[in-house]
Every structure is written in C-alpha cells, then in structure tokens.
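Fold and contact review
Below, each chain spelled out in residue letters.
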Amino acid sequence: MDLRIFTEPQQGATYDTLLTVAKATEDLGFDAFFRSDHYLRMGAVDGLPGPTDAWITLAGIARETKRIRLGTLMTAGTFRLPGVLAIQVAQVDQMSGGRVELGLGAGWFEEEHKAYGIPFPKEKIGRLEEQLAIVTGLWATETGKTFDFHGKFYDLTDSPALPKPAQAKVPVLIGGHGATRTPRLAGQYADEFNMPFASLEDTARQFGRVRAAAEAAGRAADALTYSNALVACVGKDDAEVARRAAVIGREVEELKANGLAGSPAEVVEKIGRYAEAGAQRIYLQILDLDDLDHLELISAQVQSQLT
C-alpha cells in the first residue's frame, strides 16, 4: 500500500510551507507529494496569504527534491488550454527527472472561476474528454511528426507536439463519483483511478464500474492503479487526536467515520479495509501543513506497518 501526502494549499499556504512539507514527505519515506489545483479558499478559513499555482509550485519543488513523485488531485480542466497544459506538465516532468503525474478533472468550483475571471462552461465533461485526448495525443506523437485534433471544443492543426516529457508515459489520474461518464473516461485514458472522500461501499462500487469500463475499452482491469483520497488525523492518544481535529475544525467522530482518524492502530485497520475494497494507494489529505510531527507519526507508526 503506497501512502502519498496530499495538500490543499488554497486553504492558506505559502510556497515555502509547501516546499517544507514536500521535503518532509521525501525524508520520511512517503511515495509522493500531491496538491490540489484551486484558486479560492473553501469553508471558514481566511486563505491567507492567497493561492499558489499548482504547476508553478510543482516546478519549484521538482528542483528541490530527488525521489518523490509529484502531481495534482486534480488539475482543473477549466483553468488551462490542453495544449498549454501539455507543455507545462512536460516541462515540469523534465525538471523533476521524470517524476510527474497528471491528475486531470473537469473543474467544479464555480465561485473560484467568478473570483478570478475564468470561464465556467456548462459542458465540462465533453471538454475534459477532448483535453485528455489532446494532452495524451501530443505526448504520444513521434518526434518529427505533427499532431492534429478537430473536436467540438478544441482545434489543433500541425502541432509539433513538443516538448516531450522525460518519462515515456506520464501517468494520468482520473477520479470522481460519477456512475457512467467518469468510469468510461478512466477506462479509456487513466493509468490510475482515484476515489475521493468515499465510503468503503461507494469505493468498492466505483472501482467495479471502472474495472468494467477498462475491459469494455479493451484494457485489462488491472492495468489501472486504484486509489482513495482520505483526510488524515492521527494521534498517539485520544488527546492528540482531539487536538489535531480541533485545529482543522473537525469533530473526531466525524473524521473517524469519513476519513482516517484515531490511533495508528485504528488507521492501519481502516486502511486494511480500503485495501479489501480494492485500494492499492492512499492519498492522505493533510490539512494542517505546519504540523510536521503529524507526518512523522504517520511515517513511523502507520506507514511502517503497511510496508
């Protein structure tokens, strides 16, 4: 079971804070550092000092780390044109020495689009499908040849399809709860399917849909990696769990019901149940980015039991 660290910088974080967490992620033996792609805070936080851009952040971190994988859960398809995104991700992959993964979603948070003047189209899934075809098509085009795409939303003619990523294949992540279109897109394009903030029952059901969709697309169901994203709140005792829950404005029992919360033993047991539901990888949503002791505890007493 891979454990990855997943951050939500729109809630309030500087680049330096994110770099510190990424370096701790590497030093403590976690598999990867991922971040959300949002420009507006959510909930009752001030979001200060303001948002950071996902791919600019990852470019900087790429030069300051050596081992960990780097990526997004999920890049908003509404934020960037697919040709531009393909260039950005390929460049960061080169800067990292081939450690980047692209989580790509349709975009959903309308308020942040209004706040920063970003168009928020009604038809987002159709756009996402074309974006996936374009980004993966540009990377797969043989050097020296050109790429064309003529769709409903995007039109590319005689693209040199450059630059290329350092990796022969940048892993593409698709995720979500949708019962029909999301599994179909994952079955066709994804290297990994991520089920965010879901129950065991919903996880197993959605993984089954994606496995069926992959087979319908002519792929082996096991060609994809299956993962969950879950909030983490771990403590060596009840008092420490309660303190960490209070800092992020959550109730302990709610966190235990909907995330990975409690003692290391409780969290290991629950991760085991997600593994039984088909999860091979867990993204630990870390909401207090100043609490590096939290990461140390998870590394020492949770991750060590899973490896």
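My aim in this report is to walk through the structure given alongside it, one point at a time. This one's a predicted model, so the numbers in the text were calculated from it and none came from an experiment.

**With respect to empty space enclosed by the protein**
This model, assessed by the stated rule, comprises two cavities of 30 Å³ or more. Of the volumes computed, that of the largest cavity is approximately 70 Å³. In this structure, the largest cavity is lined by Ala232, Cys233, Arg244, Val247, Ile248, Ile286, Leu287, Asp288, Asp291 and His294. Looking at the lining of the largest cavity, the elements that each hand over two or more residues are strand 10 (225-234) and helix 8 (238-247). Of the volumes computed, that of the second largest cavity is approximately 30 Å³. Lining the second largest cavity are Val21, Ile286, Asp288, Leu289, Asp291, Leu292 and Leu295. By residue class, the composition of the lining of the second largest cavity is five nonpolar, no polar and two charged.

**Points about helix 3 (residues 82-96)**
Relative to the 21 Å expected for 15 residues at 1.5 Å per residue, helix 3 spans 21 Å between its end C-alpha atoms, a close match to the ideal helical length. Tucked inside the fold, the buried residues of helix 3 contact helix 2 (54-64), strand 3 (69-72), strand 4 (75-76), strand 5 (100-105) and helix 5 (125-140). Immediately downstream of helix 3, the backbone of glycine 97 shows phi near 75 degrees, a positive value.

**Observations concerning the environment of glycine 107**
Locating glycine 107 in the fold gives a position in the loop between strand 5 and helix 4 (110-116). Given a relative accessible area of 13%, glycine 107 falls into the buried group. Discounting chain neighbours no more than four positions away, the residues touching glycine 107 are Ala76, Gly77, Thr78, Phe120 and Lys124.

**Some thoughts on the pattern of salt bridges**
Side chains bearing opposite charge may pair, as long as their charged atoms lie close to each other. Counted under the stated rule, the structure contains 21 salt bridges. One salt bridge in this structure joins glutamate 64 and lysine 23, with 3.9 Å as the shortest N-O distance. With glutamate 64 in helix 2 and lysine 23 in helix 1 (residues 15-27), this pair connects stretches of sequence that are 41 residues apart. A residue is classified by how much of its surface remains accessible, and glutamate 64, at 42% relative accessible area, is partly exposed. When salt bridges that share partners are traced, they join Lys236, Glu240, Arg243, Arg244 and Asp291 into one network.

**Side note on the side chain of serine 159**
Position of serine 159 relative to the elements: it lies in strand 7 (residues 155-159). Reaching out from serine 159, the side chain makes a polar contact with the backbone nitrogen of alanine 161 at a distance of 3.1 Å. Excluding its chain neighbours within four sequence positions, the residues that come into contact with serine 159 are Leu138, Lys145, Thr146 and Phe147.

**Brief notes about helix 7 (residues 200-216)**
Here helix 7 spans 24 Å end to end across 17 residues, near enough to the 24 Å set by a 1.5 Å rise per residue. All of the buried residues in helix 7 are Leu200, Thr203, Gln206, Phe207, Val210, Ala213 and Ala214. When helix 7 is viewed along its axis, its buried side chains cluster within an angular range of 150 degrees and face the same direction. Away from the buried face of helix 7 by more than 90 degrees, exposed residues Glu201, Glu215 and Ala216 are located. In this fold, the buried residues of helix 7 make contact with helix 6 (181-189), strand 9 (192-196), strand 10 and helix 10 (264-276). A positive phi of about 85 degrees marks glycine 218, the residue just after helix 7.

**Some details on unusual backbone geometry**
The omega torsion across leucine 48 and proline 49 is 10 degrees, close enough to zero to call that bond cis. Following leucine 162, the chain continues into proline 163 via a peptide bond in cis, with omega recorded as 0 degrees. Residue position: proline 163 is located in the loop between strand 7 and strand 8 (172-175). For aspartate 158, which is not glycine, the phi torsion reads 55 degrees and is therefore positive. Among the secondary structure elements, aspartate 158 is positioned in strand 7. For alanine 161, which is not glycine, the phi dihedral falls at a positive 55 degrees.

**Concerning the packing of aromatic side chains**
Tallied over the entire structure, the rule returns six aromatic pairs. Summarising the aromatic geometry, the rings of phenylalanine 34 and tyrosine 283 are spaced 5.0 Å apart at their centres and angled 70 degrees between planes, so their arrangement reads as edge-to-face. In this pair, phenylalanine 34 is assigned in strand 2 (residues 32-35) and tyrosine 283 in strand 12 (residues 281-286), connecting sequence segments 249 residues apart. Here phenylalanine 34 and tyrosine 283 have matching classes, each one buried. Aromatic ring contacts, followed pair by pair, group Tyr39, Phe79 and Tyr116 into a single cluster.

What counts and how
Counting restarts for each chain, with residues numbered from 1 along the sequence as it is written. Only residues with pLDDT of at least 70 get local features here, since the model is predicted, and only at 80 or more are side-chain atom pairs given and counted; chain-wide, interface and lining totals rely on the full set of residues. Hydrogens and waters are ignored; side-chain quantities use all the structure's heavy atoms. Detection works on a 1 Å grid of protein atoms alone, calling trapped sets that fit a 1.4 Å probe cavities and calling open sets with protein on both sides within 12 Å along at least five of seven lines pockets, with lining residues defined by an atom within 4 Å of a point. Grid points are joined across faces, edges and corners, and a volume is the space filled by probe spheres set on the points. The numbering of helices and of strands both runs from the N terminus, where a helix is a DSSP run of H or I of at least 4 residues and a strand a run of E of at least 2. Side-chain classes follow a simple rule in which Ala, Val, Leu, Ile, Met, Phe, Trp, Tyr, Cys and Pro form the nonpolar group, Asp, Glu, Lys and Arg form the charged group, and the remainder, Gly included, forms the polar group. Expected helix span is given by 1.5 Å per residue-to-residue step, counting one fewer step than there are residues. Should any heavy atoms of two residues lie within 4.5 Å, those residues are counted as being in contact. Relative accessibility thresholds used throughout: buried, under 20% of the residue-type maximum; exposed, over 50%; partly exposed, between the two (1.4 Å probe, protein chains only). Salt bridge, as applied in this entry: a Lys or Arg side-chain nitrogen positioned within 4 Å of an Asp or Glu carboxyl oxygen. Between N or O atoms, a polar contact is any pair within 3.5 Å; within protein, one atom must be a potential hydrogen donor and the other a potential acceptor, and residues adjacent in sequence are included only when both atoms are from side chains. What the arc describes is the spread of directions from the helix axis to the C-beta atoms. For Phe, Tyr and Trp, rings pair up if their centres lie within 6.5 Å, where Trp contributes its six-membered ring, and each pair is then called stacked (planes under 30 degrees apart), edge-to-face (over 60) or tilted (otherwise).

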